[in-house]
Every structure is written in C-alpha cells, then in structure tokens.
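# Chains, contacts and geometry: an overview
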Amino acid sequence: MGLLFSGVILPVSVAVQLAALFLFPSDRFTNMDSFEYLALSRSISTDHQYSAPSGLNGYQSFQGESPTVMRQPGYPVLLAVFYWLCGQHLLCIQILQVAFNCLSLTFLFLTVRGTDEKDNPWVLLFPALYVPWLVLSSMILAESLFTALLWASVYLLSGALRTGKMKFHLLLGLTLGAGVLVKPVGVVMAVLSLACLFAVNRKMLKVSLTGLTVLLVLMPWALRNMEAVHRLTIFPTTSGYNLWIASRPIGSEWWDESEEFREATGDWDHYYIDGEACRDFRHTAMGRFRNDGILTVAGRALARTVIGWTRFPGTGDLSGWNAEYLFMTAIRITMLVFSAVGFFRLQMKHRWLLILPAVALSFALPVTKGLTRYLLPASPGIALLAGQGVLSLIRRRT
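Residues numbered from 1 in each chain as written. Predicted model: local features only at pLDDT ≥ 70, side-chain atom pairs only at ≥ 80, totals over all residues. Heavy atoms only, no water.

## Description of the overall build of the chain
Test applied: By the criteria applied, helices consist of DSSP H or I runs no shorter than four residues and strands consist of E runs no shorter than two, each listed in order from the N terminus. In this setup the radius of gyration rests on C-alpha atoms only. A globule is expected at 2.2 Å times the number of residues raised to 0.38. Between two residues, a contact is recorded if the distance between any of their heavy atoms is within 4.5 Å. Computed with the Shrake-Rupley method and a 1.4 Å probe, the accessible areas treat only the protein chains shown as cover for residues. When charges are counted, Lys and Arg are positive and Asp and Glu negative, with His and the chain ends excluded. Working definition for charges: the position is that of NZ of Lys, CZ of Arg, CG of Asp or CD of Glu.
Along the backbone of the chain there are 18 helices and zero strands. Against the 2.2 N^0.38 benchmark of 21 Å for 398 residues, the chain shows a C-alpha radius of gyration of 21 Å, consistent with a compact globule. Taking the principal axes of its C-alpha atoms as reference, the chain extends roughly 65 × 50 × 50 Å. Across the chain, contacts joining residues at least 24 apart in sequence account for 72% of those joining residues at least 6 apart. Split by element, the accessible area of the chain, about 18,000 Å² in all, is 65% carbon and sulfur. The positive charge centre, built from 32 side chains, and the negative charge centre, built from 24, are 17 Å apart in the chain.

Pasting the structure below:
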C-alpha cells in the first residue's frame, strides 16, 4: 500500500504540478493577495519589520502603514526566505509549494492507511489529480502552506484519538497554532479539533495541554501586535472588510465600485485592509446587520455557503446561465454527491476527520469575497471521498 502511494500516486501528482508550473506563465497568477504577501515579505526581508509600503498594488496614492497587521505573518515569513533571499526566483517558492501539496497528500494517506478498503490507495489518485487544488502550487498564495498544515492537523488528531499519546497532542497544538498564523480561519479548525478531542477521549488534561500549546504558538504574534499597534489580537485587519462583504446583499456591485468602499478607504488614500479601513468597514457592516435583522443575515450567510460549495473552483467570472458555467457546476455537484456516497461507504473509524476541514473552512464563506478558493484546502479529503464513492459503485456493479 505504501509502495503504491510513494511509487505511483505521489510521482503522478508531482508531474501534474510541475506541468502546471511550466505550462502557465507566472504573470497569470498575480493578484491583489499575491502583491500584498510580496510587499509584506519584502518588508521583513529588507527592513526587518512587518509593514506595508506605499504604492502597494500600484495604488500610488496609498500611504504605507507601518507597522501593520494586514495579513497573518506565516506566509510572508516563508516568502521572505524562499523568494527574497533566494534572489526573487518565483520557481523557488513554487517548487516548495509543490512539496507542501505532496505533504498534504502524504498526511491524507497516513490518516486513511488503517482502513479496511483494499482499493483505498487508488482513491488517493482523485486528490492527487484534482487540478483546481494542485494548481495553487503555482501561485503566490498561502493556500498550499495552509493545506499542508491543515492535513497535518487531521493526521495528528487521528493519532491523538487512536493512541492517546501525548506527542500527538503536543504536535497537534503546534500545527493548529501554525495554521492560525497562516490563515485566521485556522482558529475554527483549532476549536473544532479541541472539541472533538474532548468529545471522543474525555481527557481534559491532554485537551488542555493541546489548547495551551496552540496559545503558546500564537502568543509572540499577539504580543507583537500589542506593542506595535496597541491591540492584543491574533487576527489581521482584513476582518472589517470581510464583515462588510458579509453584510452586503448577494449580487451587489463589484466591491471597489461601491460608494461605501470608497468612503472606507478615503478613495484609496489608505488601503482597504489597513487599520483605519478596518474600523470604517466594521462600523458600516455592524450598522447594516442591525438594520437587516438576524434572519436576513443568516439567510445571506447560508446562501453564500451554498454558492461556495456548488460553484466549481475558478468559475466566478463565468457565473450566469451559460453552458460552460452550468456544465462545471454539474461536475461540482456530481463530485459532492459521490463524496457523500464515499463517506458512508468508507470503512474507517473516525471517518468524519476527512470532512472536518470542510466544516471548518465553511465558516469563512459568509465573510469572503472569493468563495471557491478558500475551500480548496479541504479538497483533498472531499476528492478522496468522491473517489471512494466512484469505486464503491463500480465494485457493486461488477
């Protein structure tokens, strides 16, 4: 089983990812998030501080925020080492991200290795060939790093549940804390993991030590923010903007065409996720939440969650009643149906571990501008379950 994974499945996945690196030009992957990560990492590399320079993303009127809490520090620190210190060669960070995706597959393999399904190694071909997730290794985005930490957490959680050994609990705490330092939604994964640990094993001491380890990982960042921006927080200043996105009716005009957006940024006199914009966006969002009422807010959140899960990754620009969009949506829904079949057919103790990342990341959907990308770190588990569903039905028919 291990030989099949390491000798066939993993090399096939590497080949697909390397093909994506060389088939797609690097400028195809530049976007606002990429520029923000590069700007922050350059500040770490050249100025030895965590700040955002003026002219970020080409908006020359923007006055730099120094110090800043614009993004979580995990990925900018990685870029500072593997992009700026490596001579600004994009291929260095891309190869590293291919390795992160391989780690994700490896942790997924280790998690399901003890199942009774003799076809189990082959179902790993589905996540190994799931292009929307694999192509992330080509982009200057935090998803590949976060995905590796996410599935490392799933594996360590399964080990803690299976053996109860303290090493799994402590490593789980370290990994969950590191995940929060890459993506703030990692907090949801940490809370769910601790809750599952306690619900299954009922070992309060070990669960407490795991939670304490998470806090110890996060403490330096929180203390830095207290000193630098006078707020004891582990969250970035994207929170105000995200709340504002969540408060807007679905189908509203594009984000930077809104009058509220221009007011919050002073018509780009300051950046849309800096501290001042965060306060302005949060004030606007909270006022709209109060006016709309809880039912409207909950309905909007549910609608965005459903849209996020039923839309095929990368088809946001195709939205509408056109053949290509409908075809891709049908593929996505079919995959989810097979995933549900595979979930119930898979002979694995604690099989819910494979959908735990999907549950955690769903909490990000109501408060994000781009829906599908934020679910991609959960894709390895969903694709594996879809593969299990397909193979189960084939076996049943034959």
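Read on, since the account is not over.
## Points about the environment of Ala-15
Going by this rule: Buried, partly exposed and exposed residues are distinguished by accessible area as a fraction of the type maximum, computed with a 1.4 Å probe on protein chains only: under 20%, between the cut-offs, and over 50%, respectively.
Turning to its location among the elements, Ala-15 is positioned in helix α1 (residues 2–23). Exposure remark for Ala-15: the relative accessible area of 45% places this residue in the partly exposed category. Sequence separation of Ala-15 and Leu-129 is 114 residues, and the distance between their C-alpha atoms is 9.8 Å.

## Details of empty space enclosed by the protein
Empty space among the atoms can be located by rolling a probe the size of a water molecule over them. Quick note on the threshold: The distinction between a cavity and a pocket rests on a 1 Å grid over the protein atoms alone: a 1.4 Å probe fits inside a cavity but cannot get out, while a pocket stays open yet meets protein on both sides within 12 Å along at least five of seven lines, and a residue with an atom within 4 Å of a point counts as lining. Grid points are joined across faces, edges and corners, and a volume is the space filled by probe spheres set on the points. All residues other than Ala, Val, Leu, Ile, Met, Phe, Trp, Tyr, Cys, Pro, Asp, Glu, Lys and Arg, Gly among them, are scored as polar; the first ten of these are nonpolar and the last four charged.
Taken as a whole, this structure holds one cavity of 30 Å³ or more when the rule is applied. Counted as a void, the largest cavity has a volume near 50 Å³. Lining the largest cavity are Phe-146, Leu-149, Leu-150, Ser-153, Thr-175, Leu-176, Gly-179, Val-180, Gly-186 and Met-189. Its residues assigned to classes, the lining of the largest cavity shows six nonpolar, four polar and no charged.

## Concerning helix α11 (residues 204–229)
Rules: One less than the number of residues in a helix, times 1.5 Å, gives the span that helix is expected to have. Note on bend: the value at a residue is the angle between axes fitted to the seven residues ending there and to the seven starting there.
With 26 residues, α11 ought to run about 38 Å at 1.5 Å a step, and its terminal C-alpha atoms sit 35 Å apart, in line with that. The sharpest bend along α11 measures roughly 40° and falls at Leu-218, with the proline Pro-220 sitting one to four residues further on. When we look at burial in α11, the residues that qualify are Val-207, Thr-210, Gly-211, Thr-213, Val-214, Leu-218, Trp-221, Ala-222, Asn-225 and Val-229. Contact partners of the buried residues in α11: α9 (166–180) and α10 (186–201).

## Overview of the packing of helix α3 (residues 74–84) against helix α4 (residues 90–112)
Here is the rule we go by: Every axis in this analysis is a line fitted to C-alpha atoms, fitted for helices over the stretch in contact. Angles between the N-to-C directions lie between 0 and 180 degrees. Our angle categories are set so that under 35 degrees counts as roughly parallel, over 145 as roughly antiparallel, 65 to 115 as roughly perpendicular, and the remainder as oblique. By convention, the crossing between two helices is left-handed when the near helix turns anticlockwise from the far helix through less than a right angle, and right-handed when the turn is clockwise.
Where α3 meets α4, the closest approach of the two axes is 9 Å, and the angle between their N-to-C directions is 125°. Relative to α4, the element α3 is oriented oblique. Between α3 and α4 lies a crossing of right-handed hand. On α4, the residues that touch Tyr-75, Leu-78, Leu-79, Phe-82 and Tyr-83 of α3 are Leu-90, Cys-92, Ile-93, Leu-96, Gln-97 and Phe-100. By residue class, the composition of the contact of α3 with α4 is ten nonpolar, one polar and no charged.

## Observations concerning helix α16 (residues 323–345)
In this model α16 runs 33 Å from its N-terminal to its C-terminal C-alpha over 23 residues, within 8% of the 33 Å that 1.5 Å per residue would give. Listed in full, the buried residues belonging to α16 are Tyr-325, Met-328, Thr-329, Arg-332, Met-335, Ser-339, Gly-342 and Phe-343. In this fold, the buried residues of α16 make contact with α15 (294–310) and α18 (379–397).

## Some remarks on the pattern of salt bridges
Under the convention used in this document: Definition used for salt bridges: Asp or Glu carboxyl oxygen within 4 Å of a side-chain nitrogen of Lys or Arg.
The tally for this structure, following the rule as stated, stands at eight salt bridges. Ionic pairing is found between Asp-33 and Arg-71, a salt bridge with its closest N-O pair at 2.9 Å. Here Asp-33, found in helix α2 (residues 32–47), pairs with Arg-71, found in the loop between α2 and α3; they are 38 residues apart in sequence, far enough to count as distant. No difference in accessibility class separates Asp-33 from Arg-71, as the two residues are buried.

## Quick look at the packing of aromatic side chains
What counts, and what does not: Aromatic rings from Phe, Tyr and Trp, taking only the six-membered ring of Trp, are treated as a pair when their centres fall within 6.5 Å; an angle between ring planes under 30 degrees marks them as stacked, one over 60 as edge-to-face, and anything in between as tilted.
The tally for this structure, following the rule as stated, stands at 15 aromatic pairs. An angle of 85° between the planes, with centres 4.9 Å apart, marks the rings of Tyr-241 and Tyr-272 as edge-to-face. In this pair, Tyr-241 is assigned in helix α12 (residues 239–247) and Tyr-272 in the loop between α13 (259–264) and α14 (275–292), connecting sequence segments 31 residues apart. The class for Tyr-241 is buried, based on a relative accessible area of 4%. Assessed through its relative accessible area of 4%, Tyr-272 is described here as buried. With a centroid separation of 6.1 Å and 40° between ring planes, the pair formed by Trp-244 and Phe-261 is classed as tilted.

## Comments concerning the confidence of the model for the chain
Cut-off, in case you're wondering: Residue-level confidence of the predictor is what pLDDT reports, using numbers from 0 through 100.
Of the residues in the chain, 91% reach a pLDDT of 70 or more, and the chain-wide mean stands at 86. Considering each helix and strand of the chain separately, the mean pLDDT is smallest for helix α5 (residues 120–123), with a value of 73, and largest for α9, with 96.

## A closer look at the side chain of Glu-143
Basically, it comes down to this: Any pair of nitrogen or oxygen atoms within 3.5 Å is treated as a polar contact; in protein, a donor-acceptor pairing is required on top of that, and neighbouring residues in sequence qualify only through side-chain atoms on both sides.
Turning to its location among the elements, Glu-143 is positioned in helix α8 (residues 143–163). Looking at Glu-143, its side chain comes within polar contact range of the side chain of Arg-373, at 3.3 Å. Look past the residues within four positions of Glu-143 in its chain and what remains in contact with it is Leu-136, Lys-183, Arg-373, Tyr-374 and Pro-377.

## Regarding a nonpolar patch on the surface
What counts, and what does not: Two joining distances apply to patches: 9 Å for like charges and 5 Å for nonpolar side chains (Val, Leu, Ile, Met, Phe, Trp, Tyr), and every residue must have over 30% relative accessible area and no salt bridge.
A contiguous nonpolar surface patch, about 950 Å² in accessible area, is contributed by Leu-170, Leu-205, Leu-209, Leu-212, Leu-215, Leu-216, Met-219, Leu-223, Met-226 and Leu-232. When residues of the nonpolar patch are assigned to their parent elements, the largest contribution, eight residues, is made by α11. Mapped onto the fold, Leu-215 is located in helix α11. Judged by relative accessible area, which is 51%, Leu-215 ranks as exposed.

## A short note on the nonpolar core
Operational definition: Side-chain atoms within 4.5 Å link the members of a nonpolar core, which is a set of buried Ala, Val, Leu, Ile, Met, Phe, Trp, Tyr and Cys residues.
In terms of nonpolar packing, the biggest core is built from 107 residues, with Tyr-75, Tyr-241, Tyr-272 and Leu-354 touching the most fellow members. Per element, the largest residue contribution to this core is 13 residues, and it comes from α8. Sequence-distant contacts of Leu-354, defined by excluding residues within four places in its chain, comprise Leu-108, Val-112, Trp-151, Leu-346, Met-348, Gly-381, Leu-384 and Leu-385.

## Quick word on unusual backbone geometry
Going from Ser-66 to Pro-67, the amide bond is cis rather than trans, its omega being 0°. As for its position among the elements, Pro-67 is in the loop between α2 and α3. A positive phi angle, close to 60°, is found at Gln-88, a residue other than glycine. Of note, Gln-88 is situated in the loop between α3 and α4. Look at Gln-88 and you get partly exposed, because its relative accessible area is 46%.

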